[in-house]
Amino acid sequence: MKSILLILPFLLSFSFMAHSSDDKNRSDNEAVKQLADTMNKLMRKPSKAEQTSMQIYGRWTQDFITFLLNHEQPYAQAIALNETNSILQSQATEPDPDALQVYFHNLGQHINKLVKNETLAIETLQILEGLCFQKELDDDCNRQALLDKQLQLYPSELSVYLRPLQLAVEADNQDLIANLMKVMSGTGQFSMVDYLLPEFIDLVKNYIKNNPIPEEALLRQKNDSRLTRDLTERQIKLLEQRHAEYMPYEILQSMRLALPIPAFRPLKNICQSEPEHSPECLYIANILLNKSNARLSKAMGHILNLAVYELNNHQDMLAASQANQLRLKKYSECLSQALDANQKFEDLYDQDYTELWLTAEDELQRLTNMATYLYKKRQAENAENFIDPATCQTQ
């Protein structure tokens, strides 16, 4: 695995504060133009000093990922495998074919080794599944062993049946589809892993504390901030003096954003087109709405309800479900708007706030906690134009 890392530059450039704050009345064309301008700045040719900085950062990251790959914690290894894969997929040019073949072979073997552990967290298994089912690993990853392990350890977890359902649909195995839908409708919860495990967060923080990122490695990132944000002199000084403190949270947040997204499409297609499975679809929708932790899974619950009621021409239930879907959409949008309105560049360096990014809890609750924290902070500063998230319409 280390050999492939040597040819992969570090591309973790996520910045939590870099989302749009455009006026609602601005035209789509202006927003697209601004985004294109920002991307051009971020993709600019590096100066010699920036090249040196990026090389230093790459070496540090290489050592960091190697540490995770060799750690005893299976979850840490899974995250490291996911990171190397994300880096590879983001390359502008194709790596050497021979090195690529070695990489995918090693990736498959590493996954197979991890799956042999007697106990694995559902969070670890979801990451491994996303990696294992890449077409490049057709001959190297033992997919059946991985699926068997998930079903063995987490039979009441709805998420572990999505991949088997996809495979059954691809094979047009109607008996297996029917059996899976029945089993899925009787599961107890749906865990969408959009968070990092607390023990892994501590591991990363401790590693960075003991192996600090060299200050000279951060030049490119600091220049990115200067070019893409309208910073005051005070903010530029803060960037220069304290950006290293923010880096553990940027790295962790980028890892969180790279986590796999569930393959809902086969389930959605069944519920939209096969009325014989409508009862199971409604039970599954209820689990997604009331026993899941992420906005995406809750939104999918509404989509399944709408699909069933439309397919079976239940107009009254369809209208009620549409209203419920709209309430969730408005609630989610309101929280995001409150977060947008309440946060400032300086908040990147507020550890109490950045800790809230990473809490392993319901996503809507996490957003509420973040927006509420900033609301109270802005209120104490007597700031203007901030939004109380308590005013958001509840579900």
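What comes next concerns the included structure. Being a predicted model, the structure only gives us computed values, none of them experimental.

### Topic: the overall build of the protein
In step 1: Secondary structure assignment for the protein yields 18 helices and zero strands.
In step 2: A globule of 395 residues ought to have a C-alpha radius of gyration of about 21 Å, and the protein, at 23 Å, matches this closely.
In step 3: Considered along the principal axes of its C-alpha atoms, the protein spans approximately 65 × 55 × 40 Å.
In step 4: Buried positions account for 49% of the 395 residues belonging to the protein.
In step 5: In the protein, the proportion of contacts linking residues at least 24 apart, taken out of those at least 6 apart, comes to 75%.
In step 6: Accessible surface, the protein as shown: approximately 20300 Å² in total, 50% of it carbon and sulfur.
In step 7: Of note, the protein has its 39 positive side-chain charges centred 5 Å away from the centre of its 53 negative side-chain charges.

### Quick notes on helix 7 (residues 143-153)
In step 1: Of all the positions in helix 7, only Arg-143, Leu-146, Leu-147, Lys-149 and Gln-150 are classed as buried. Buried positions in helix 7, seen along its axis, are confined to an arc of 155° and lie on one side of it.
In step 2: In the core, the buried residues of helix 7 are packed alongside helix 5 (97-115), helix 6 (122-132) and helix 8 (162-170).

### Quick look at the packing of helix 4 (residues 74-89) against helix 6
In step 1: Running from N to C, helix 4 and helix 6 cross one another at 30°; their axes reach a closest spacing of 9 Å. Between helix 4 and helix 6, the crossing angle belongs to the class labelled roughly parallel. Helix 4 and helix 6 meet at a crossing whose hand is left-handed. Of helix 6, the residues touching helix 4 (which contributes Pro-74, Tyr-75, Ala-78, Ile-79, Leu-81, Asn-82 and Asn-85) are Glu-123, Thr-124, Ile-127, Leu-128 and Leu-131.

### Description of the nonpolar core
In step 1: Grouped together as the largest cluster of nonpolar side chains are 73 residues, with contacts concentrated most on Phe-64, Ile-111, Leu-196, Phe-200 and Ile-251.
In step 2: Beyond its immediate sequence surroundings of up to four residues, Ile-251 is in contact with Tyr-57, Trp-60, Phe-64, Ile-208 and Ile-213.
In step 3: Grouped together as the second largest cluster of nonpolar side chains are 30 residues, Ile-177, Leu-180, Leu-267 and Met-300 included.

### Some thoughts on the packing of aromatic side chains
In step 1: Throughout the structure, instances matching the rule amount to 13 aromatic pairs.
In step 2: Note on Trp-60 and Phe-64: the rings are 5.3 Å apart at their centroids and 25° apart in plane angle, and the pair reads as stacked. Of this pair, Trp-60 and Phe-64 both sit in helix 3 (residues 48-69), four residues apart, which is roughly one turn of that helix.
In step 3: For Trp-60, a relative accessible area of 8% gives the class buried.
In step 4: Aromatic side chains Tyr-246 and Tyr-349 sit 6.2 Å apart centroid to centroid with 70° between the ring planes, which places their arrangement in the edge-to-face category. With Tyr-246 in helix 12 (residues 233-257) and Tyr-349 in the loop between helix 16 (315-342) and helix 17 (351-356), this pair connects stretches of sequence that are 103 residues apart. Tyr-349 matches Tyr-246 in its accessibility class, with the two residues each being buried.
In step 5: These aromatic residues form a ring-pair network of at least three members: Tyr-246, Phe-345, Tyr-349, Tyr-353, Trp-357 and Tyr-373.
In step 6: Across the ring face of Phe-133, the terminal group of Arg-143 is positioned such that the distance to the ring centre comes to 5.1 Å.
In step 7: Against the face of Phe-133 rests Arg-163, its NZ or CZ located 4.5 Å from the ring centre.

### So, helix 6
Because each turn of an α-helix spans 3.6 residues, side chains separated by three or four positions end up pointing in the same direction.
In step 1: Within helix 6, 10 of the 11 residues are buried, leaving the element largely enclosed by the surrounding structure.
In step 2: Those residues of helix 6 not exposed but buried are Ile-122, Glu-123, Thr-124, Leu-125, Gln-126, Ile-127, Leu-128, Glu-129, Leu-131 and Cys-132.
In step 3: On its buried side, helix 6 packs onto helix 4, helix 5, helix 7 and helix 8.

### Section: the pattern of salt bridges
In a structure, side chains of opposite charge can pair up when their charged atoms sit close to one another.
In step 1: Enumeration over the complete set of coordinates arrives at 23 salt bridges.
In step 2: In this structure, the salt-bridge partner of Lys-298 is Asp-362, at a minimum N-O distance of 3.6 Å. Placement of the pair is Lys-298 in helix 15 (residues 295-311) and Asp-362 in the loop between helix 17 and helix 18 (363-380), with a sequence separation of 64 residues.
In step 3: The class of Asp-362 is partly exposed, set by a relative accessible area of 25%.
In step 4: Linked by salt bridges that have partners in common, Lys-344, Asp-347, Asp-350, Lys-377, Arg-378 and Glu-381 make up one network.

### Comments concerning the packing of helix 3 against helix 11 (residues 219-228)
In step 1: Closest axis-to-axis distance for the helix 3/helix 11 pair is 7 Å, and the angle between their directions is 125°. Of the possible angle classes, the one that applies to helix 3 and helix 11 is oblique. Contact residues: Ala-49, Glu-50, Ser-53, Met-54 and Tyr-57 in helix 3; Leu-219, Arg-220, Gln-221 and Asn-223 in helix 11.
In step 2: Among the residues forming the contact of helix 3 with helix 11, the class breakdown is four nonpolar, three polar and two charged.

### Examining unusual backbone geometry
In step 1: Although it is not a glycine, Asn-382 sits at a positive phi angle of roughly 60°.
In step 2: Its place among the elements puts Asn-382 in the segment after helix 18.

### Here's the deal with the side chain of Glu-157
In step 1: On the secondary structure map, Glu-157 appears in the loop between helix 7 and helix 8.
In step 2: Of the side chains bearing the opposite charge, Lys-291 lies closest to the buried Glu-157, which forms no salt bridge; the N-O distance is 12 Å.
In step 3: Here the side chain of Glu-157 touches Gln-189 through a polar contact of 3.1 Å, side chain to side chain.
In step 4: Setting aside its immediate chain neighbours within four residues, Glu-157 contacts Ile-122, Thr-187, Gln-189, Phe-190 and Ser-191.

Reading the values: the criteria
Residues numbered from 1 in each chain as written. Predicted model: local features only at pLDDT ≥ 70, side-chain atom pairs only at ≥ 80, totals over all residues. Heavy atoms only, no water. Helix = DSSP H or I, 4+ residues; strand = E, 2+ residues; numbered from the N terminus. Rg over C-alpha atoms; globule rule 2.2 N^0.38 Å. Buried < 20%, exposed > 50% of the residue type's maximum accessible area, 1.4 Å probe, protein only. Contact = heavy atoms within 4.5 Å. Areas by Shrake-Rupley, 256 points an atom, 1.4 Å probe, with all protein chains shown as cover. Lys, Arg positive; Asp, Glu negative; His and termini not counted. Charge placed at Lys NZ, Arg CZ, Asp CG, Glu CD. Arc of directions from axis to C-beta. Axes fitted to C-alpha atoms, helices over the stretch in contact; angles between N-to-C directions. Parallel < 35°, antiparallel > 145°, perpendicular 65-115°, else oblique. Left-handed = near helix turned anticlockwise from the far one by under 90°. Core = buried A, V, L, I, M, F, W, Y, C linked by side-chain atoms within 4.5 Å. Phe/Tyr/Trp six-rings, centres within 6.5 Å; stacked < 30°, edge-to-face > 60°. Lys NZ or Arg CZ within 6 Å of the ring centre and 35° of its normal. Salt bridge = Lys/Arg side-chain N within 4 Å of Asp/Glu carboxyl O. Nonpolar A, V, L, I, M, F, W, Y, C, P; charged D, E, K, R; others polar. Polar contact = N/O pair within 3.5 Å; in protein donor to acceptor, adjacent residues only side chain to side chain.

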